[in-house]
Amino acid sequence: MATLLSKDFVRSTVEKYRGRRGALISILDEIQTREGYLPETALRQVADLTGRTLIDVFGVATFYKAFRLTPRGMHLVSVCLGTACHVRGAGGVAAALQDHLDLPADGGTSQDGAFTLEPVRCVGACALGPILVIDGDYMANVSATRAVALIEGRRDGEGAVCPTEDERVFPVEVNCPRCNHSLMDPDYLVDGYPSVRFTVSFGQEHGWLRLSSLYGSYAIETGGEVPADTIVHFFCPHCHGDLMGAWNCTECGAPMVPVLVQGGGMVQICSRRGCHSHLLDLEVDPEGQTPPPPLPR
Amino acid sequence: MIDLRLNGLPVQVEEGSTLLEAAGMYGIPIPTLCHMDGLSPYGACRLCVVEVGADGRSELVSACTYPAQDGLLVRTASRRVLRARRMVLELLLASCPQSKAIQDLAAAHDVRRQRFHQEHEDCILCGLCVRMCAEQMTGHAIGFQGRGEHRSIGTPYDARSAECKLCGGCIYVCPACSLRCTYTDPERAVCGGCANLAPPCLDKSQFHDMMCTMDPCVACEIG
Ligand code: FES
Ligand code: FES
């Protein structure tokens with residue numbers, strides 16, 4: 001996956017931050033983003049080039065949990081051991097995974113390099129615990145047996161998500177929040193899945209807009225040309241209710257469009273053309289249903 | 001010059017002095033552990049606590065790092081200071097009871113027991129060795145790594161460091177002799193001088209986890 005770290009990459013990264021004393025963390029971060037971890041040679045080179053000693057760089061690299069000094073496995077598995085997950089039995093999940101991968105309690109990378117297991121403290125989804133995060137996909141209410149099955153499902157091939165560009169990609173089915181009619185259009189596929197259909201207007205124009213139902217995909221098709229950056233007004237194609245929500249996009253400030261997810265929860269989509277912000281807020285429904293598992297891309 | 005009061009005594013010290021230096025100049029004892037002349041102040045052990053400010057608005061500060069200021073009221077042995085200092089000693093005893101330096105300090109302050117969970121750390125993270133290595137020996141071979149309960153002192157990757165000159169300065173200043181004498185594992189040794197000699201304890205395998213308590217270490221003195 002990672003190409004051999006070239007000396008030039010380190011050099012140009014250091015060069016980029018030349019003269020900025022506090023930039024060590026940014027330099028290390030860029031190297032890690034590229035490499036997946038911080039190799040010893042890179043640390044030595046950074047020390048040389050920034051006029052520090054190796055131990056100074058090493059001290060920073062070991063201080064922050066975000067930095068790792070050993071290569072990461074193909075799949076990153078984080079098991080939440082925060083308080084809420086703990087009381088919901090995360091300890092058993094962690095133990096099962098450690099056992100299964102033959103790793104110590106503080107995690108590590110499995111022998112075959114397939115998985116890196118890391119215990120984390122609270123990923124902010126406490127109500128859904130115990131939480132397992134595999135390559136950035138959140139799995140709720142996992143049990144010990146399910147955890148093992150889930151990671152094994154990822155082992156080879158298809159489910160493999162490149163850890164450096166992890167995105168959650170799974171289909172959601174949505175309803176109009178006003179009339180609760182399904183917005184799914186099974187006859188018009190986007191990304192190979194039924195699309196989500198809206199009636200839209202912008203300026204004097206009216207038309208339709210179809211979104212990919214894959215959470216994490218930004219594919220959009222429109223009836224007419226919608227210039228980038230315009231704020232599009234969303235309506236329900238069934239009840240023609242105005243769907244513009246009360247919340248504003250945290251990225252661009254345009255109003256968000258909330259729609260209901262079948263099975264519980266809601267997605268909010270930014271109404272500005274070209275803005276990729278959307279929020280997914282899944283709730284557990286009374287039967288303890290979990291969010292849909294991510295599908296292979 | 002800066003005018004301040006030390007235990008009620010009006011004193012004058014030079015600009016830029018710390019309270020510890022001021023007290024030292026006037027012969028007022030303040031115990032220290034992580035302070036050493038010639039090394040930058042670090043303020044890790046908190047043994048040198050003193051009380052600054054007027055009654056009711058006073059606060060505890062570490063004398064080795066607190067700069068002397070005009071008109072400051074400093075008490076080095078108030079009841080509050082003594083209580084805090086004894087607590088610090090108890091905590092130190094709880095983490096590293098085998099240290100001669102800590103035992104002596106505890107005895108001098110009449111601390112004879114501690115109420116906490118007993119541990120036997122090799123290192124109290126006072127940072128003396130790190131500063132010694134960097135500031136006096138210009139070695140920069142050892143430093144802090146990790147964080148929180150995993151914080152430790154050592155060479156990068158815990159391997160013999162190219163910067164290390166085997167001067168043994170770190171072992172010399174260590175109050176806990178935190179740098180374990182690793183003669184049984186020369187590859188990881190920070191000093192390693194003794195690996196070339198036959199230290200008296202070498203054959204006694206039951207002591208293989210023993211720390212180097214020789215002062216100064218015979219091997220390092222030679223190496
Ligand atoms: S405790 Fe696990 S998500 Fe908060
Ligand atoms: S001597 Fe001041 S804090 Fe240690």
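For every chain, the first residue of its written sequence is number 1, and the numbers climb from 1 along that sequence. Naming scheme: in the order in which they are written, chains are lettered from A and ligands are numbered from 1. This being a predicted model, a pLDDT of at least 70 is required before a residue's local features are given, and a value of 80 or more before pairs of side-chain atoms are given or counted; all residues contribute to the totals for chains, interfaces and linings. Each side-chain value is worked out from all heavy atoms of the structure, with water and hydrogens disregarded.

J.: Where do I start with the sheet that holds strand 5 (residues 73–75) of chain B in this structure?
T.: Within a sheet, adjacent strands bond to each other through the backbone by hydrogen bonds, running parallel or antiparallel. Residue and element names in this part refer to chain B. Read from one edge to the other, the open sheet built from 5 strands follows the order 2-1-5-3-4, with strand pairing classed as mixed. Only two strands of the sheet have a single neighbouring strand rather than two, namely strand 2 (9–13) and strand 4 (59–62). Ignoring strand direction, the axes of neighbouring strands in this sheet form an average angle of 40°. Strand pairing is assigned whenever DSSP identifies at least 2 bridges connecting the two strands. Secondary structure elements follow DSSP: runs of H or I of four or more residues count as helices, runs of E of two or more count as strands, with numbering from the N terminus. Across 4 bridges, strand 3 (residues 49–52) lies against strand 4 in antiparallel orientation. Note that in strand 4 the partner of V49 across the bridge is S62. By definition, residues are in contact when any of their heavy atoms lie within 4.5 Å. Geometry is summarised by axes, namely lines fitted to C-alpha atoms with helices restricted to the contacting stretch, and by angles between N-to-C directions that run from 0 to 180 degrees. Helix 2 (residues 79–95) rests against strand 3, strand 4 and strand 5 of the sheet, and its axis sits at about 155° to strand 3.

J.: When you look at a nonpolar patch on the surface in this model, what are you seeing that I'm missing?
T.: Residue and element names in this part refer to chain A. Judged by side-chain polarity, I25, F63 and Y64 come together as a nonpolar surface patch covering roughly 230 Å² of accessible area. Here I25 shows up in helix 2 (residues 24–35). Burial classes follow relative accessibility: with a 1.4 Å probe on protein chains only, a residue under 20% of its type's maximum area counts as buried, one over 50% as exposed, and anything between as partly exposed. For I25, a relative accessible area of 36% translates into the label partly exposed. Like-charged residues are merged into a patch within 9 Å and nonpolar side chains (Val, Leu, Ile, Met, Phe, Trp, Tyr) within 5 Å, provided each residue has over 30% relative accessible area and no salt bridge. For accessible areas, the Shrake-Rupley method is used with a probe of radius 1.4 Å. Any residue's cover is judged against the shown protein chains and nothing else. We define a salt bridge as a side-chain nitrogen of Lys or Arg found within 4 Å of a carboxyl oxygen belonging to Asp or Glu.

J.: Before we go on, may I ask you to explain the layout of surface pockets in this structure?
T.: In this approach the atoms are scanned with a rolling probe the size of a water molecule, which exposes any empty space left behind. Looking at the largest pocket, its volume works out to about 1,200 Å³. Considering the residues around the largest pocket, the lining is formed by 34 residues, among which T62, K65, F67 and D106 of chain A together with H150 of chain B are closest to the centre. Those elements that place two or more of their residues in the lining of the largest pocket are helix 2, helix 4 (54–63), strand 2 (108–109) and strand 3 (115–120) of chain A. Of all the elements, strand 3 of chain A adds the most residues to the lining of the largest pocket, at 5 residues. Ten residues, namely Ala, Val, Leu, Ile, Met, Phe, Trp, Tyr, Cys and Pro, are considered nonpolar, four, namely Asp, Glu, Lys and Arg, are considered charged, and the remaining ones, Gly among them, are considered polar. In terms of residue class, the lining of the largest pocket is built from 13 nonpolar, 12 polar and 9 charged. Here a cavity is any set of points on a 1 Å grid over the protein atoms alone where a 1.4 Å probe fits but cannot get out, and a pocket is any open set with protein on both sides within 12 Å along at least 5 of 7 lines; a residue lines the site when it has an atom within 4 Å of a point. Grid points are joined across faces, edges and corners, and a volume is the space filled by probe spheres set on the points.

J.: Which parts of the structure should I look at to understand the packing of helix 1 (residues 7–16) of chain A against helix 3 (residues 40–50) of chain A?
T.: Working note: a packed helix pair is described by the angle between its axes plus the distance between those axes. Residue and element names in this part refer to chain A. As a packed pair, helix 1 and helix 3 sit with axes 10 Å apart at the nearest point and diverge in direction by 40°. Classed by the angle they form, the pair helix 1 and helix 3 counts as oblique. Read as a crossing pair, helix 1 and helix 3 show a hand that is right-handed. Contacts between helix 1 and helix 3 involve K7, V10, R11 and V14 on the former and, on the latter, A42, Q45, V46, L49 and T50. By residue class, the composition of the contact of helix 1 with helix 3 is 5 nonpolar, 2 polar and 2 charged. Orientation categories follow fixed angle ranges, with anything under 35 degrees roughly parallel, anything over 145 roughly antiparallel, 65 to 115 roughly perpendicular, and all other angles oblique. Take the far helix as the reference: if the near one is turned anticlockwise from it by less than a right angle, the crossing is left-handed, and if turned clockwise, right-handed.

J.: Before we go on, may I ask you to explain helix 1 of chain A in this structure?
T.: Since there are 3.6 residues in each turn of an α-helix, residues three or four apart along the chain are aligned in direction. All names here are of chain A. Of the residues making up helix 1, those classed as buried are F9, V10, T13 and V14. All buried residues of helix 1 project into a common sector of 130° when viewed along the axis, lining one side. Counted as exposed and oriented over 90 degrees from the buried face of helix 1: K7, D8 and K16. On its buried face, helix 1 is in contact with helix 2 and helix 3. Note that the arc is defined by the directions from the helix axis to the C-beta atoms.

J.: Before we go on, may I ask you to explain the packing of aromatic side chains in this structure?
T.: Describing an aromatic ring pair means giving the distance of the ring centres and the angle of the ring planes. Centres within 6.5 Å are what make two rings of Phe, Tyr or Trp a pair, Trp counting through its six-membered ring; a difference in plane orientation under 30 degrees is then read as stacked, over 60 as edge-to-face, and the rest as tilted. A complete count under the given rule lists 6 aromatic pairs over all chains for this structure. Taking the centre distance of 4.8 Å and the plane angle of 55° together, the rings of F58 of chain A and Y157 of chain B count as tilted. Separated into two different chains, F58 of chain A in helix 4 and Y157 of chain B in the loop between strand 7 (152–154) and helix 5 (169–173) make up a pair that spans both. With a centroid separation of 4.9 Å and 80° between ring planes, the pair formed by F198 of chain A and F234 of chain A is classed as edge-to-face. Within this pair, whereas F198 of chain A is found in strand 9 (residues 193–202), its partner F234 of chain A is found in strand 13 (residues 233–235), the two being separated by 36 residues in sequence. Given a relative accessible area of 0%, F198 of chain A falls into the buried group. Under the relative-accessibility criterion, F234 of chain A is labelled buried at 4%. In this structure, R210 of chain A is placed above the aromatic ring of W208 of chain A, and the distance from its NZ or CZ to the ring centre is 4.5 Å. A ring is considered to have a charge above it if a Lys NZ or an Arg CZ atom is located within 6 Å of its centre and within 35 degrees of its normal. Between the NZ or CZ atom of R151 of chain B and the centre of the ring of F144 of chain B, over which it lies, the distance is 3.9 Å.

Such coordinate-based values are descriptive only and should not be taken to indicate function.
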